[in-house]
Amino acid sequence: MGNLVLAAKITHVPTIWMSHTIEKYKGLRTSALDGYEKLRQAAIAAKVDTFIVIDTHWIVNQGFHLNAKPRHEGNFISHELPHMLSDLAYDYHGNPELGALIVDEVRADGHRALAHDHPDLGVEYGTLLPMYFINKGVNARVLPIAANQFSTIDENRQFGAAIRRAIDKSEGNVALFASGSLSHAFWENSKSVEGVNKVNGAFNEQTDHHVLELWENGDWSAFLDMLPDYAVRCVGECGMVDTAMLFGALGWKDYGGSITTMTPYFGSSGTGQVNITFSV
Ligand SMILES: [Fe+2]
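One structure accompanies this document, and this report is about it. (Residues numbered from 1 in each chain as written. Predicted model: local features only at pLDDT ≥ 70, side-chain atom pairs only at ≥ 80, totals over all residues. Heavy atoms only, no water.)

**Some words on the overall build of the protein chain**
The helix and strand inventory of the protein chain stands at 8 helices and 10 strands. Dimensions of the protein chain, computed from C-alpha atoms along their principal axes, come out at roughly 50 × 40 × 35 Å. When each of the 280 residues of the protein chain is scored for burial, the buried share is 56%. Long-range pairs, those at least 24 residues apart, make up 79% of the contacts in the protein chain between residues at least 6 apart in sequence. Of the accessible surface of the protein chain, which amounts to about 11,900 Å², a share of 50% is contributed by carbon and sulfur atoms. For the protein chain, the separation between the mean place of its 21 positive charges and that of its 32 negative charges on side chains is 2 Å. (Helix = DSSP H or I, 4+ residues; strand = E, 2+ residues; numbered from the N terminus. Buried < 20%, exposed > 50% of the residue type's maximum accessible area, 1.4 Å probe, protein only. Contact = heavy atoms within 4.5 Å. Areas by Shrake-Rupley, 256 points an atom, 1.4 Å probe, with all protein chains shown as cover. Lys, Arg positive; Asp, Glu negative; His and termini not counted. Charge placed at Lys NZ, Arg CZ, Asp CG, Glu CD.)

Here you go:
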């Protein structure tokens, strides 16, 4: 019987890579890198053997998709931000078996789901950037899940619950990461350089802080009631479907756990970011 042993909402901003690789930006994202190290230690302590990463940069338009290749390897450059994120080499084993279990569970709910093993299907940086740091030395398998930009919060709640059932039916110790931001309003181009460490707008920043307060207080019901509006009004990254899936897997309003902050809230290029684990 498998177990969900680690659950987290995580950041993947390319400024982390700049902080790690470019002398001029050293120290820019120390707090995010420290959070990744804490997540790495948590994964080791929990004996994680597979990371499921809900990747808000693998954006799909129809149905639910998993990258269930037996192996993910390559060298990544971001097409969105090639000046920030390049030369990211990766090589991970995948988890086709867990991918197949998830597809079965999603289909049992009447949704369309596909697990892919096409050799040309790459992995996006919502998965690769955090995995580079968090999976270092853990060497766990990696199963990326796509975010459907036209799906509803409720569909993703169901998708998350299906993921949890599949994990329970599997053999492994699984970590589930929702890789995406809180508010996600990029700066207009002319402000992008000066705004590298800032959140775009008081409304977004204050709403993010309110959400984090609800999480801190375990007021899951109040948060989930506002999630659909929060996703729209604060320009959620791919509609915050990663957050909906994560909470679906945790039990939605029946969740009774608590959070641990690995990286406190920070602004990055207009967006609001954290690394936070949810007890399981
Ligand atoms: Fe992103």
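**With respect to the coordination of the iron ion**
Around the iron ion, the donor atoms from the protein are His12 (NE2), His57 (NE2) and Glu237 (OE), and they sit 1.9 to 2.0 Å away. Here the donor residues of the iron ion are spaced in sequence according to H-x44-H-x179-E. Of the two residues, histidine 12 is situated in the loop between strand 1 (3–10) and helix 1 (14–21) and glutamate 237 in the loop between helix 7 (220–233) and helix 8 (241–250); the sequence distance between them amounts to 225 residues. Considered together, histidine 12 and glutamate 237 belong to a single accessibility category, that of buried residues. (Donors = N, O, S within 2.8 Å, 3.2 Å for Na, K, Ca; no water.)

**Description of the environment of leucine 176**
The topology assignment puts leucine 176 in strand 8 (residues 173–179). A relative accessible area of 0% means that leucine 176 is categorised as buried. Spatially, the C-alpha atoms of leucine 176 and valine 5 are 8.3 Å apart, while their sequence positions differ by 171 residues. Once residues within four sequence positions are removed from consideration, leucine 176 is found in contact with Leu4, Leu6, Ala7, Ala8, Ile52, Ile54, Ile163, Leu246 and Ala249.

**With respect to the packing of helix 6 (residues 202–216) against helix 7**
One can describe the packing of helix 6 onto helix 7 by two numbers: an axis separation of 10 Å at closest approach and a directional angle of 160°. Taken together, the axes of helix 6 and helix 7 lie roughly antiparallel to each other. Helix 6 and helix 7 meet at a crossing whose hand is left-handed. On the side of helix 6, the interface is formed by Phe203, Asn204, Thr207, Asp208, His210, Val211, Leu214 and Trp215, while helix 7 contributes Trp220, Ala222, Phe223, Met226, Tyr230 and Arg233. Of the residues in the contact of helix 6 with helix 7, the class split is 9 nonpolar, 3 polar and 2 charged. (Axes fitted to C-alpha atoms, helices over the stretch in contact; angles between N-to-C directions. Parallel < 35°, antiparallel > 145°, perpendicular 65-115°, else oblique. Left-handed = near helix turned anticlockwise from the far one by under 90°. Nonpolar A, V, L, I, M, F, W, Y, C, P; charged D, E, K, R; others polar.)

**A closer look at helix 1**
Counted residue by residue, helix 1 has 6 buried out of 8 residues, so it is predominantly covered. Residues of helix 1 that are buried: Pro14, Thr15, Ile16, Trp17, Met18 and Ser19. Where the residues of helix 1 are buried, they touch helix 2 (30–45), strand 5 (88–93), helix 4 (125–134) and strand 9 (259–268).

**Structural notes on the packing of aromatic side chains**
Applying the stated rule across the entire model yields 17 aromatic pairs. When the centroid spacing of 5.4 Å and the interplanar angle of 85° are considered together, the rings of tryptophan 215 and phenylalanine 223 count as edge-to-face. Accessibility classification places tryptophan 215 together with phenylalanine 223 in one group, the buried group. Ring geometry for tryptophan 220 and phenylalanine 278: centres 5.9 Å apart, planes at 50°, overall tilted. Of this pair, tryptophan 220 sits in helix 7 while phenylalanine 278 sits in strand 10 (residues 271–278), and the two are 58 residues apart along the sequence. Across this residue pair, the class does not change: tryptophan 220 and phenylalanine 278 are buried. Among the aromatic residues, those joined into a ring-pair cluster are Trp215, Trp220, Phe223, Tyr230, Phe247, Tyr255 and Phe278. (Phe/Tyr/Trp six-rings, centres within 6.5 Å; stacked < 30°, edge-to-face > 60°.)

**Thoughts on the nonpolar core**
The nonpolar side chains of a soluble globular protein tend to be buried, and buried together. Core analysis: the biggest nonpolar cluster contains 54 residues, and Ile52, Ile102, Trp215, Phe223 and Phe278 have the highest contact counts within it. Residues within four places of isoleucine 102 in sequence aside, it is in contact with Ile52, Leu66, Leu143, Ile145, Phe159, Ile163 and Ala166. Core analysis: the next-biggest nonpolar cluster, separate from the first, contains 37 residues, Trp17, Leu33, Tyr36 and Val142 among them. (Core = buried A, V, L, I, M, F, W, Y, C linked by side-chain atoms within 4.5 Å.)

**Description of the side chain of aspartate 208**
Residue placement: aspartate 208 occurs in helix 6. Once residues lying within four places of it in the same chain are set aside, the contact partners of aspartate 208 are Leu182, Ser183, Tyr230, Tyr265 and Gly272.

**Description of helix 3 (residues 96–108)**
In this model helix 3 runs 18 Å from its N-terminal to its C-terminal C-alpha over 13 residues, within 8% of the 18 Å that 1.5 Å per residue would give. Of all the positions in helix 3, only Leu98, Gly99, Ile102, Val103, Glu105 and Val106 are classed as buried. Take helix 3 and look down its axis: the buried residues cluster within an arc of 165°, on one side only. Two residues or fewer past helix 3, glycine 110 is found with a positive phi of approximately 90°. (Expected span 1.5 Å × (residues − 1). Arc of directions from axis to C-beta.)

**Quick notes on the state of the cysteines**
Within this structure, the stated rule accounts for 0 disulfides. Here cysteine 234 stays unpaired: no disulfide links it, and the sulfur of cysteine 238, its closest cysteine neighbor, is 16 Å away. (Disulfide = S-S within 2.5 Å.)

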